[in-house]
Amino acid sequence: MNIKVFRSFEGSSRYDVYELDPHPGMTVLEALFYIQDRLDPSLSFRYSCRGAVCGNCAMLINKFPQLACRTQVIELLKGIAYPELDPYHAITGGEMWDPENEILVEPLPNLPIIKDLVVDMREFFKMYESISPVLKSDDDATEHERLMDPSEVHELEKYTNCILCATCFGACPVSSKDPDFLGPAALAKLFRFISDPRDSGGSDRLEIADDRKGWWGCKFHTNCKKVCPKGVPPNLAIGKARRMLK
Amino acid sequence: MDKNRCAGFTAIDISDGTLHGFSTRTVLLATGGYGRLFARSTNALINQGDGAALAVKAGCPLKDLEFVQFHPTTLYGTNILITEGARGEGGYLFNSQGERFMKDYAPGAMELAPRDIAARAIQTEINAGRGFEDEYVHLDLTHLGADRIKKRLPGIRQISIDFAGIDPIIQAIPVQPGQHYSMGGIDCDINCRTPVPGLYTAGEASCVSVHGANRLGGNSLLETVVFGKIAGRSMVEDIEELDFANDDVIMDSIQNEWNRIKNVMDRKNGEPVYKLRDELKKVMFDHFGIFREEKSMQKGIKELQELRSRFENVSIENIEKPFNYSLIHYLELEFLITLCFPVALGALERKESRGSHDRPDYPDRDDNKFLMHTISRIENNETVLDYRPVTLGRFPVKERVY
C-alpha cells in the first residue's frame, strides 16, 4: 500500500508517496514513524502520547480530521464509514487518492502550516486562553476540596473530556472562513465552566462570547461533534448557551 | 554550571532549530521518567529521561535508578495501559492452555495480586511457552457482561476497540507486562532541592523516594500535586541567595552545544538512530526488565557498551532546521545511552530482591547490605555507584507475603 503525505518546506509544497507493508493494528502514527525512521528522515509531524490522550497528532487523514495515533491503517483501507461532514474548502477537491490502496495524510486545516504536517497552533490556543479556562471561585480557601453533587458531574464530563487536539477547529466550516470566530473547542470549554456549579464566573462567562465571534457565529454544521475523538459535543454547548442568553 | 552551581541552561527551539541560552538563578527539572529506555512501555513517546540525563551530565547525582516498575497488563501492540481496574472488577488472566495461571503464583489474591507479582507471573507464563504467539496472555472480561463493562470500564473498552480492534464484551484482551513508572530519578531532598545549588526537581523526573522500591497505584499524583508545589516554594525561598552567573558561562555553553550539534549534523553514512534505539530498548527490557539475573545482566552490559561505541558513528542525514526530528531523536538516544548504565549497574550491584527489583539469583531482601539508596554519578564518562543509608520514617520495613 501507499501513503501519500503532504510535504512543505520553506514555502514550497508537494505530495510524497511512500510504500509500506502495514501489519495488523498499525496506526497512521506508526506508519509515519516508519517513514521518518527508514524512508525519509526529513518528514515532520507532532506526537507525544500515542494513546489518544495528548491531542498532538491531529491531522487530516483521508479528508477527515482525526488523531493519527487512534487511526488504523488497515481499517482505512477496508473503508471506515465516517460520518459525513458538511463541506468546506479543505475537504472538497484538492489532492485525491485511491482509497483501496492508498491513504492521504495532510495537515490539520484552518491553521497555518509550518512544515509538512506541523501546523501553527498559536491562534487556536490564543482563543482557548481568551475564555480564561480556569476555575473562578470567590472561595479562596485552599485547605479543603470544592465539592459538587455527583449527579452534576455527568453534564460537566461531556466537556472536560476535551484534549485540545483541535480536530474540531480543523473541521469547522465557520472557522475556515472567519478567523475571528472562537471556534468549537474554546466555546465548549467556556460552557464547561458555565455549567460547573463550583465556578463563580456567572453571567460574565456567558456574556464574553455573546456576539458573532462567539455563540452566535456558529452555523450548526456539527462537524465538530462528528470529528471529536473524545465525543465532546461543542454544538450542544453552543445551543444551550444561546438559550440561556435569550 | 558555574563553580558547581546551576547557572542556567541552553535550549533548542524545535520549530526553527535555533539554540538559546538562559541565565537563571533557579532551574526546575520536571521532565518525567525514563520509561522509554525499555522496549515495552506505557509511557508517552517523549519520556526519554531528558531531565535525569541532563542532570547527571551536569554533575548532579541520580538516585535508585534500578527501581523501575513494570505493569502487568499493557495492551499487546501499543503497550497502552490496561488499568488495574479491569482485574479489580473481576477480570481473569488466562494462558494459552486456558488456565487461570495466577493460582500458581498467588493462590489467595489470584488476579488481585500486586503489580510486580502479576507482572512476573505473566512473563513467566510467556517465557514458559504458555503465552499466545510467545508474546501475551489473555485478560478476559467477557463473563462480566456487557452492562458492567460499559458502566464500569468504558475507557478500557474504548482503548481495546481503538488500538487493538477488540471489543472486551466479546473477546479477551491481549496483554503483556510493560514498563510503567520510574521510581528512581534525580537525587533530591524532601524539599526538591538537588545537591547542586540552584537546581531543583519534581515529578517522575525526581527521586524524593516517596515510592521506595515500588510505587503504589494512584501515588504518582502525589509527585505532581504535592511536590510540584513544594519545589516552587523551595525555589522562592532560595532565590534571594542565588545570583545570576556571569553571561560568559552561558555563552560558552551555547557555543559548546552548537559545536556538538554541528558535529553530529556533519556526519555522513553512519548507522541510523532508530536501529540503535530499538536495539538499546530491547537489551534493557530483556536483561534489565522484569527479571534480572547476574549472567544475563553481564551480557546485557557488554551489549550496552557496544551500543555506546556504535553511537559515536550514528548519523542523522537531515540538515533541515525547522522541526528536525532526526536531531531530536538523536538527542533523545543520547539521553537513553547516558541513563542505561546507572540503571544496569545499579541492578547488577543490588544483589537482593526488593520491590520492583527482582533477582531470581537473590530472591530475598537483604536489609543488612542493601537498605540503601543507590547514588550514581558520571566520572570520566563512566558511571560510578555509591550508597547512602535509607531514612526510615514511622513504618519499619517488613516482609511482604501473599
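Attention here is on the structure that accompanies the text. The residue count restarts for each chain, going from 1 along the sequence in the order it is written. Think of it this way: whatever chain is written first is A, whatever ligand is written first is 1, and the rest follow in order. Per-residue local features of the predicted model are confined to residues with pLDDT of at least 70, and side-chain atom pairs are confined, for both listing and counting, to 80 or more; whole-chain, interface and lining totals are unaffected and use all residues. Remark: hydrogens and water are excluded; side-chain values derive from all non-hydrogen atoms of the structure.

**Things to note about the side chain of His-357 of chain B**
Residues and elements named next belong to chain B.
Next up, step 1: Within the fold, His-357 resides in the loop between helix H10 (325–349) and helix H11 (367–370).
Next up, step 2: In protein, a polar contact means a hydrogen-donor-capable atom and an acceptor-capable atom, both N or O and within 3.5 Å, with residues adjacent in sequence counting only if both atoms are side-chain atoms; elsewhere, any N or O pair within 3.5 Å suffices. Separated by 2.9 Å, the side chains of His-357 and Arg-292 make a polar contact.
Next up, step 3: Polar contacts involving the side chain of His-357 include one to the main-chain carbonyl oxygen of Glu-352, which spans 3.3 Å.
Next up, step 4: By definition, residues are in contact when any of their heavy atoms lie within 4.5 Å. When sequence neighbours within four positions are dropped, the list of residues in contact with His-357 reads Phe-67, Arg-292, Ala-347, Arg-350 and Glu-352. Comment: elements are numbered from the N terminus, with helices defined as DSSP H or I runs of at least four residues and strands as E runs of at least two.

**Points about empty space enclosed by the protein**
All names here are of chain A.
Next up, step 1: Cavity: a set of points on a 1 Å grid over the protein atoms alone where a 1.4 Å probe fits but cannot get out. Pocket: an open set with protein on both sides within 12 Å along at least five of seven lines, its lining residues, like those of a cavity, having an atom within 4 Å of a point. Grid points are joined across faces, edges and corners, and a volume is the space filled by probe spheres set on the points. For the coordinates displayed, the defined rule picks out 4 cavities of 30 Å³ or more.
Next up, step 2: Considered as a void within the structure, the largest cavity measures approximately 110 Å³ in volume.
Next up, step 3: Taken together, 15 residues line the largest cavity, and the ones lying closest to its centre are Cys-162, Cys-168, Ala-185, Cys-228 and Val-232.
Next up, step 4: Breaking the lining of the largest cavity down by element, the ones donating at least two residues are helix H5 (167–171) and helix H7 (183–194).
Next up, step 5: Gly counts as polar in this scheme, as do all residues outside two lists: the nonpolar Ala, Val, Leu, Ile, Met, Phe, Trp, Tyr, Cys and Pro, and the charged Asp, Glu, Lys and Arg. Looking at side-chain class alone, the lining of the largest cavity contains 13 nonpolar, 1 polar and 1 charged residues.
Next up, step 6: By volume, the second largest cavity amounts to about 80 Å³.
Next up, step 7: Elements represented by at least two residues in the lining of the second largest cavity include exactly helix H6 (173–177) and helix H9 (223–227).

**Concerning the pattern of salt bridges**
Next up, step 1: We define a salt bridge as a contact between a side-chain nitrogen of Lys or Arg and a carboxyl oxygen of Asp or Glu at a distance within 4 Å. For the structure shown, the criterion picks out 53 salt bridges over all chains.
Next up, step 2: Arg-7 of chain A is the partner of Asp-40 of chain A in a salt bridge, and the nearest nitrogen-oxygen pair spans 2.8 Å. Of the two residues, Asp-40 of chain A sits in the loop between helix H1 (28–39) and strand E3 (58–61) while Arg-7 of chain A sits in strand E1 (residues 2–9), which places them 33 residues apart along the sequence. The pair Asp-40 of chain A / Arg-7 of chain A is uniform in exposure class, with both members buried.
Next up, step 3: Where Glu-349 of chain B meets Lys-351 of chain B, a salt bridge forms, and the shortest distance between an N and an O atom there is 3.7 Å.
Next up, step 4: For Glu-349 of chain B, a relative accessible area of 34% corresponds to the partly exposed category.
Next up, step 5: Accessibility expressed as a relative area gives 28% for Lys-351 of chain B, which makes it partly exposed.
Next up, step 6: By sharing partners, the salt bridges in this structure join Arg-7, Arg-14, Asp-16, Asp-40, Lys-115 and Asp-116 of chain A together with Glu-320 of chain B into a single network. With a 1.4 Å probe rolled over the protein chains alone, any residue whose accessible area is under 20% of its type maximum counts as buried; one over 50% counts as exposed, and the rest are partly exposed.

**Examining the interface of chain B and chain A**
Next up, step 1: With 29 residues of chain B at the interface, the matching set in chain A holds 23 residues.
Next up, step 2: What gets called buried area is simply the loss in accessible area from a 1.4 Å probe that two parts show on being joined, summed for both. Note on chain B versus chain A: buried area summed over both sides is about 2100 Å², and carbon and sulfur give 55% of it.
Next up, step 3: Across the salt bridge formed by Asp-162 of chain B and Arg-70 of chain A, the nearest N and O atoms sit 2.9 Å from each other.
Next up, step 4: When residues of the side of chain B that touches chain A are traced back to their parent elements, those giving at least two are helix H5 (154–164), helix H8 (273–288) and H10 of chain B.
Next up, step 5: Per-element accounting of the side of chain B that touches chain A gives the leading share, 5 residues, to H5 of chain B.
Next up, step 6: Here the side of chain B that touches chain A is built from residues that sort into 12 nonpolar, 10 polar and 7 charged.

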